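A closer look at the structure
So you can see what is in the structure, the chains are spelled out below.
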Amino acid sequence: MDANQIQNLFASNVRQLLVDADLDYDKLYEIRLRVGRPLFLTYDGGECFLRQKDTEPYLVTREDLKETLEYVSGYSLYAYEDEIRQGFLSVQGGHRVGVTGKVILDGNRIRGMKYISCINVRLAHEIQGCAQSVMPYIQTREQIMHTLIVSPPRCGKTTLLRDIIRQMSNGWGNISGVTVGVVDERSELAGCYQGIPQNDLGMRTDILDGCPKAEGMQMLIRSMSPVVVAVDELGKEEDFKAVESVIHCGCRLIATAHGDSMEETLAQPFFRKLWEARVFQRYVFLGKHDRAGIVEAIYDENGKCICTGL
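For clarity, every value in this text was computed on a predicted model and none was experimentally measured. (Residues numbered from 1 in each chain as written. Predicted model: local features only at pLDDT ≥ 70, side-chain atom pairs only at ≥ 80, totals over all residues. Heavy atoms only, no water.)

Below, the discussion takes up the side chain of aspartate 184. Tracing the backbone shows aspartate 184 in strand β10 (residues 180-184). We note that aspartate 184 is buried and unpaired, the nearest opposite charge coming from arginine 186 at a distance of 7.1 Å. Within the structure, aspartate 184 has its side chain in polar contact with the backbone nitrogen of glutamate 188 (distance 3.0 Å). Apart from residues lying up to four places away in sequence, aspartate 184 is in contact with Leu189, Ala190, Gly191, Ile207, Leu208, Asp209, Gly210 and Cys211. (Helix = DSSP H or I, 4+ residues; strand = E, 2+ residues; numbered from the N terminus. Buried < 20%, exposed > 50% of the residue type's maximum accessible area, 1.4 Å probe, protein only. Lys, Arg positive; Asp, Glu negative; His and termini not counted. Salt bridge = Lys/Arg side-chain N within 4 Å of Asp/Glu carboxyl O. Polar contact = N/O pair within 3.5 Å; in protein donor to acceptor, adjacent residues only side chain to side chain. Contact = heavy atoms within 4.5 Å.)

What follows is the structure in structure tokens.
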């Protein structure tokens, strides 16, 4: 993790606090600025706020937010209107800057945002090799399993998916690499900045950045001939038909979803349909632990547990 690159995203006052704090950026996940409130960090599984030299919490000013937005957008905030409409910007390094404020509506459509009052910088943590223990359960020399990775928020499912994509694309062990198509709707998997992936998704991977999942899966099938299609956070009803298209055209599907358990996941109508159709051949469940990415169990398409505690 490049500390200088991260620090330079922020206003001078905030930057100095980060420098003085001497943080381990590999353990830092979020930096959150709210006007008039303390500067909060999500750090090593917990939460803390930064203090001034007189030990009082540093309260973020509107000028801090304005200056930070200027740095993040390269002094061209208008150029990021499309991204802001979705509530975030992607920056160099694959990091994601979430924003909240007054939403501007055009009928039922979000046209933009003004009076931004909160910035949340979510740091991209790329952990190459974290999927090594999972790979034998989802890919053999003869077959790639349709796989759904399930976990509560911030437990590492996107990080795990990213490394699965990289290993399938490059090849691992004695298994050759395959062409992977990625629909990166929220720019989290590849972390594209000005169209260039900031995270390593492998040498045979094609990426649709900022594209809705349902449309993106169809586009990849029609134009890029992927062996594997990978998407993050399935859940919308329109995703179901797109998933069917991927399966029926012979592509393999690797995806993630929110959930605490098999029972909770299957209680959602969307996933109940996929379960009854036996679409996914592997369900990989991650749990809440001191560190992200701990695999609690892997199930097959019949709900039989084939592995625990990776």
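Having seen the model, we can carry on.
The next thing to look at is the sheet that holds strand β6 (residues 109-122). One open sheet accounts for 6 strands, arranged β3-β2-β1-β6-β5-β4; its pairing is antiparallel. At either end of the open sheet lies a strand with only one pairing partner, and these are β3 (46-49) and β4 (88-90). Direction aside, neighbouring strands of the sheet carry axes that sit 35° apart on average. With 5 bridges connecting them, strand β1 (residues 28-34) and β6 associate as antiparallel partners. Within the sheet, the bridge partner assigned to glutamate 30 lies in β6 and is arginine 122. Across the sheet, helix α3 (residues 62-72) is in contact with β1, β4, β5 (96-106) and β6; its angle to β6 comes to roughly 100°. (Pairing = 2+ DSSP bridges. Axes fitted to C-alpha atoms, helices over the stretch in contact; angles between N-to-C directions.)

This brings us to the packing of aromatic side chains. Any two aromatic rings considered together are summarised by their centre-to-centre distance and by the angle between their planes. By the definition in use, this model includes 6 aromatic pairs. For the pair phenylalanine 240 and phenylalanine 270, a centre-to-centre distance of 6.1 Å together with 80° between the ring planes defines the contact as edge-to-face. Of this pair, phenylalanine 240 sits in helix α8 (residues 237-248) while phenylalanine 270 sits in helix α10 (residues 269-276), and the two are 30 residues apart along the sequence. Classification of phenylalanine 240 as buried rests on a relative accessible area of 15%. Grouped by ring-pair contacts, the aromatic residues Phe240, Phe270 and Phe271 constitute a single cluster. (Phe/Tyr/Trp six-rings, centres within 6.5 Å; stacked < 30°, edge-to-face > 60°.)

Okay, the pattern of salt bridges next. Enumeration over the complete set of coordinates arrives at 9 salt bridges. Close ionic contact of glutamate 185 with lysine 213 constitutes a salt bridge, the shortest N to O distance being 2.7 Å. With glutamate 185 in the loop between β10 and β11 (205-209) and lysine 213 in helix α7 (residues 213-223), this pair connects stretches of sequence that are 28 residues apart. Of the two residues, glutamate 185 and lysine 213, neither departs from the other in class, the shared state being buried. One salt-bridge network, held together by shared partners, links Glu30, Arg32, Arg96, Arg122, Arg186, Glu188 and Glu233.

A separate point is the environment of valine 279. As for its placement among the helices and strands, valine 279 is situated in the loop between α10 and β14 (282-286). Given a relative accessible area of 12%, valine 279 falls into the buried group. Taking C-alpha positions, valine 279 is 9.2 Å from leucine 253, a pair spaced 26 residues apart along the chain. Discounting chain neighbours no more than four positions away, the residues touching valine 279 are His146, Val243, Ile247 and Leu274.

What follows deals with α8. Within the sequence span of α8, burial applies to Asp239, Phe240, Ala242, Val243 and Val246. Those residues of α8 that are buried are in contact with α7, β12 (228-231), β13 (252-258) and α10. Following α8 by one or two positions, glycine 250 adopts a phi angle in the positive range, close to 95°.

What follows is about the nonpolar core. If you look at the biggest cluster of nonpolar residues, it comprises 30 residues, and the most contacted ones within it are Phe10, Leu18, Ile31, Leu33 and Ile119. Elements supplying a minimum of two residues to this core: α2 (12-21), β1, α3, β5 and β6. Here this core gets 4 residues from one element, more than from any other, and that element is β6. (Core = buried A, V, L, I, M, F, W, Y, C linked by side-chain atoms within 4.5 Å.)

This brings us to the side chain of serine 151. Position of serine 151 among the secondary structure elements: in strand β7 (residues 147-151). Apart from the residues lying within four places of it in its own chain, the contact partners of serine 151 are Lys157, Ala257, His258, Gly259 and Leu286.

All right, on to the environment of glutamine 92 then. Relative to the elements of secondary structure, glutamine 92 occurs in the loop between β4 and β5. For glutamine 92, the contacting residues outside a window of four places in its chain are Gln5, Tyr193 and Gln198.

Counting buried residues along β13, 6 of its 7 residues qualify, which places the element largely inside the surrounding structure. Direction of pairing for β7 relative to β13: parallel, over a ladder of 5 bridges. Within β13, the position partnered with serine 151 by the bridge is histidine 258.

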